[in-house]
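Structure at a glance
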Amino acid sequence: MRIVMAEDDPLLREGLALLLRAEGLDVVATAGTADGILDAIDEHEPDVAILDVRMPPTHTDEGIVAAVEARRRRPGLAVLVLSAYVEQSFATDLLTGGVTGVGYLLKERVGRVEEFLDALHRVAAGGTAIDPDVVAQLFTRSRDDSRLDRLSPRERDVLALMAEGLGNSAIAERLVVTDGAVHKHIRSIFAKLDLSPTDRMDRRVAAVLRYLDDVRRRG
């Protein structure tokens, strides 16, 4: 796995690079700016880009803009964005830029090394990894949404774990139910959110995007 990383805090940048290299991962380039990471992506053609949301010069959304541009330049590039805070619109912008190989984690998750590495590998394999705290806050803010009201409490639990990027077996383990029960809940979620089997977009990802889009429009 070839990785490039953008983080304007040099201590965090170098510390994270050391952590990844200690795990046998190939960090081919690091940068402190969005422009720097885009140059590194063009030069090294990595498998994964890890980017901070807020970078120079304005420290607002440079990382998200760079992530979207990186995926435009290099289709299929896995992108894992790190943020110090829950920023719902940024999470939505990232996901709507592509439906595979994306992640959005709070920086505090980096300190939980096993969880962070699991999210990184999941994103690199083409999955999604959305921080549980982001999912929880999004669900709280959107509890008045009519489409979500169609879901049972258990279905909402399942969708939240889907949004975190967990597969069916992991969801079953977390909720202490069978794989078959999870499959049944997911079928019901698709039906209640009007997601047809003939849709071109992956219905699993579409369910999460539908939810995040509702939150953004209401925000």
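Each chain has its residues counted from 1, following the order in which its sequence is written. With the structure being a predicted model, the display of local features is reserved for residues of pLDDT at least 70 and the display and counting of side-chain atom pairs for 80 or more, all residues being used for whole-chain, interface and lining totals. Only heavy atoms go into the side-chain values, all of them from the structure, while hydrogens and water stay out.

Describing the environment of Gly126
Helix and strand definitions follow DSSP, with helices as H or I runs of at least four residues and strands as E runs of at least two, each counted in order from the N terminus. Position of Gly126 relative to the elements: it lies in the loop between α5 (113–124) and β6 (128–130). Spatially, the C-alpha atom of Gly126 lies 8.3 Å from that of Gly76, the residues being 50 residues apart in sequence. By definition in these notes, contact holds between two residues if any of their heavy atoms fall within 4.5 Å. Filtering out sequence-adjacent residues up to four positions away, Gly126 remains in contact with Thr100 and Gly101.

Some words on the sheet that holds strand β1 (residues 2–6)
Read from one edge to the other, the open sheet built from 6 strands follows the order β2-β1-β3-β4-β5-β6, with strand pairing classed as parallel. Because the sheet does not close on itself, it has two edges, and the strands there are β2 (26–31) and β6. Each neighbouring strand pair of the sheet contributes to a mean axis angle of 20 degrees, computed without reference to strand direction. Strand pairing requires that DSSP identify at least two bridges connecting the strands. By the bridge criterion, 4 bridges tie β1 to strand β3 (residues 48–52) in an arrangement that is parallel. For Val4, the partnering residue across the bridge sits in β3 and is Ala49. The axes are straight lines fitted to the C-alpha atoms, using for helices just the contacting stretch, and the angles between their N-to-C directions are given from 0 to 180°. Contacts between helix α1 (residues 10–22) and the sheet are confined to β1, β2, β3 and β4 (78–83), with β2 contributing the most and set at about 170 degrees to the helix. Here helix α3 (residues 62–73) sits on the sheet and contacts β3, β4 and β5 (102–106); the angle it forms with β4, its principal contact strand, is near 180 degrees.

Concerning the nonpolar core
In these notes, a set of buried Ala, Val, Leu, Ile, Met, Phe, Trp, Tyr and Cys residues joined through side-chain atoms within 4.5 Å is what counts as a nonpolar core. Under the scheme applied here, a residue whose accessible area is under 20% of the maximum for its type counts as buried, over 50% as exposed, and between as partly exposed, the area being computed with a 1.4 Å probe on protein chains only. Ranked by size, the top nonpolar core spans 23 residues in total, and within it Val4, Ile37, Ile41, Leu51 and Val81 carry the most contacts. Only β1, β2, α2 (34–44), β3, α3 and β4 provide two or more residues apiece to this core. For this core, the leading source of residues is α2, giving 5 residues. If sequence neighbours within four positions are ignored, Ile37 has contacts with Val4, Met5, Ala6, Ala31, Leu51 and Ala66.

Describing the pairing of β2
Where a strand is regular, its side chains alternate between the two sheet faces. One ladder, built from 5 bridges, connects β1 with β2; its direction is parallel. Bridge assignment links Ala6 to a residue of β2, and that residue is Ala31. Read as a crossover between parallel neighbours, the route from β1 over α1 to β2 is right-handed. Here is how to tell: hold the view so the strands point away, follow the path from the first strand over the helix to the second, and if it runs clockwise the crossover is right-handed.

What to know about the layout of surface pockets
In this approach a probe as big as a water molecule rolls over the atoms, and the regions it shows empty are the leftover space. Roughly 270 Å³ of internal volume is contained in the largest pocket. Using protein atoms alone on a 1 Å grid, points that fit a 1.4 Å probe yet trap it form a cavity, whereas open point sets bounded by protein on both sides within 12 Å along at least five of seven lines form a pocket; residues with an atom within 4 Å of a point count as lining. Lining the largest pocket are 15 residues, with Asp118, Arg122, Glu164, Leu166 and Arg174 positioned closest to its centre. Throughout this entry, Asp, Glu, Lys and Arg are counted as charged residues, while Ala, Val, Leu, Ile, Met, Phe, Trp, Tyr, Cys and Pro are counted as nonpolar. The remaining residues, Gly among them, count as polar. Here the lining of the largest pocket is composed, by residue class, of 7 nonpolar, no polar and 8 charged. Grid points are joined across faces, edges and corners, and a volume is the space filled by probe spheres set on the points.

Some remarks on α2
Buried within α2 are the following residues: Ala34, Ile37, Leu38, Ala40 and Ile41. The buried residues of α2 all sit within an arc of 160 degrees when viewed along its axis, so they share a single face. Every exposed residue of α2 that faces more than 90 degrees away from the buried side is listed here: Asp35, Asp39 and Glu43. Among the structural elements, β1, β2, β3 and α3 are those in contact with the buried residues of α2. N-cap assignment for α2: the residue whose side-chain oxygen lies 3.0 Å from the backbone N of Gly36 is Thr33. Among the residues trailing α2, Glu45 stands out with phi positive, at a value near 50 degrees. By construction, the arc corresponds to the directions joining the helix axis to the C-beta atoms. Here a polar contact means two N or O atoms within 3.5 Å. Within protein one must be a hydrogen donor candidate and the other an acceptor candidate, and residues neighboring in sequence count only if both atoms are side-chain atoms.

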